[in-house]
Amino acid sequence: MQVVGSRLAGKTALITGAASGLGAAIAARFTAEGAEVIVSDRDEAKAASQAAKLGGSSIALHLDVTDEASWSAALADIENKFGRLNILVNNAGICLAGSVEDLSYDDWRLTHAVDLDSVFLGTKAALPLMVRSSAQTSGSVLNISSISGMVAAGNMAAYNSAKAAVRHLTKSIALHCAKKRYGITCNSVHPTFIDTPLLDEFAGNRSREETVEKLARQIPLGRIGSPDDVAWAAVYLCSDEAAFITGAELAIDGGLSAM
Ligand code: NAI
């Protein structure tokens, strides 16, 4: 992809779950703003094809965010190849619908492993290299939570719980990094329904068009979000423009949480 801006020039960014949906859109915007991007995913083949589309100095990396050893290997690889890391976007996530009565304990644990434990493991693994890299340029951790981390629904017990915990963990990481004077911010974004494959979880027996229309009716702005609606916020929050913003939460929800 041709570089069209320089808001992230001189920064190296690791994005998890970047083979699809929001992660892929963030990777594309980051590349266009001059960042070196590591497109990581548990699906290595899809990550490789996504990185190839981006071109530039972006690379694909296998990373299962639930696996501590996978994080260690990824960070060692990044240090070898780039020598630095400035941005971590904890984006990989799954959404398994179900009420407290319907959900199996396995699905509860899987949701928390992918959506919440990943943020702990990833930030813990990445911080040492990010701190060493922050002498040159400031760093950012961005956690992709969800509006489901602020507003609950009866059939989203595990997802609500995991995404709400990500919101609060973000603030703890932000305060830790501030106290240590690391020059690293940590913020969370809270998108509502965004048009990605993850929406299939909400489809039930309906077609995708019917699902999108039904979801759009719940949003004050009258539409669901596009991956770029989130990617632009990520560019801002991971740029030096947002250097004084830390521990913050940004709803990207077409007005839903204002009601
Ligand atoms: P998606 O399903 O399009 O992409 C998720 C990516 O994460 C996939 O490439 C998948 O392979 C990867 N992934 C899943 N488990 C993984 C693991 N253990 N290790 C590494 N990669 C893994 O979903 P989407 O919509 O792009 O979701 C991205 C993030 O945005 C998630 O955290 C999701 O909860 C959040 N989100 C999505 C919303 C939506 O409506 N699409 C709304 C609010 C938040």
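Placed above this text is the structure.
Being a predicted model, the structure only gives us computed values, none of them experimental.

The rules we used
- Residues numbered from 1 in each chain as written.
- Predicted model: local features only at pLDDT ≥ 70, side-chain atom pairs only at ≥ 80, totals over all residues.
- Heavy atoms only, no water.
- Near = heavy atom within 4 Å.
- Polar contact = N/O pair within 3.5 Å; in protein donor to acceptor, adjacent residues only side chain to side chain.
- 1 Å grid on protein atoms, 1.4 Å probe; cavity = no way out; pocket = protein on both sides within 12 Å on 5 of 7 lines; lining within 4 Å.
- Sits in = over half its atoms within 2 Å of the grid points.
- Helix = DSSP H or I, 4+ residues; strand = E, 2+ residues; numbered from the N terminus.
- Phe/Tyr/Trp six-rings, centres within 6.5 Å; stacked < 30°, edge-to-face > 60°.
- Lys NZ or Arg CZ within 6 Å of the ring centre and 35° of its normal.
- Pairing = 2+ DSSP bridges.
- Axes fitted to C-alpha atoms, helices over the stretch in contact; angles between N-to-C directions.
- Contact = heavy atoms within 4.5 Å.

1. Structural notes on the site of the ligand
Taken together, 28 residues lie near the ligand, and Ser20, Asp41, Asn91, Tyr159 and Thr196 sit nearest. Between the ligand and Leu22, the relevant distance is 2.8 Å, taken from an oxygen atom to a main-chain nitrogen or oxygen of the residue. With respect to the pocket detection grid, the ligand is positioned in the largest pocket. Counting residues per element, the ones that place at least two in the shell around the ligand are helix H1 (21-32) and helix H5 (157-179).

2. Quick word on the packing of aromatic side chains
The full count for this structure, using the stated rule, is zero aromatic pairs. The lysine or arginine in question, Arg109, covers the ring of Tyr105, its NZ or CZ lying 4.0 Å from the ring centre.

3. Observations regarding the sheet that holds strand S3 (residues 59-62)
Note: strands within a sheet are paired through backbone hydrogen bonds, in either parallel or antiparallel orientation. In spatial order, the strands read S3-S2-S1-S4-S5-S6-S7; together these seven strands make up an open sheet with parallel pairing. At either margin of the open sheet sits one strand with a lone partner, and together these are S3 and strand S7 (249-252). Between one strand and the next, the sheet's axes are offset by a mean angle of 20 degrees, whatever the strand orientation. As judged from the four bridges shared by strand S4 (residues 87-90) and strand S5 (residues 139-144), these two strands associate in the parallel manner. From the neighbouring strand, Ile87 faces S5, where its bridge partner is Ser140. Running at roughly 175 degrees to S4, helix H4 (residues 105-133) makes contact with S4, S5 and strand S6 (184-191) of the sheet.

4. Description of the side chain of Ser133
Counting through the fold element by element, Ser133 comes out in helix H4. For Ser133, the contacting residues outside a window of four places in its chain are Arg84, Leu85 and Asn86.

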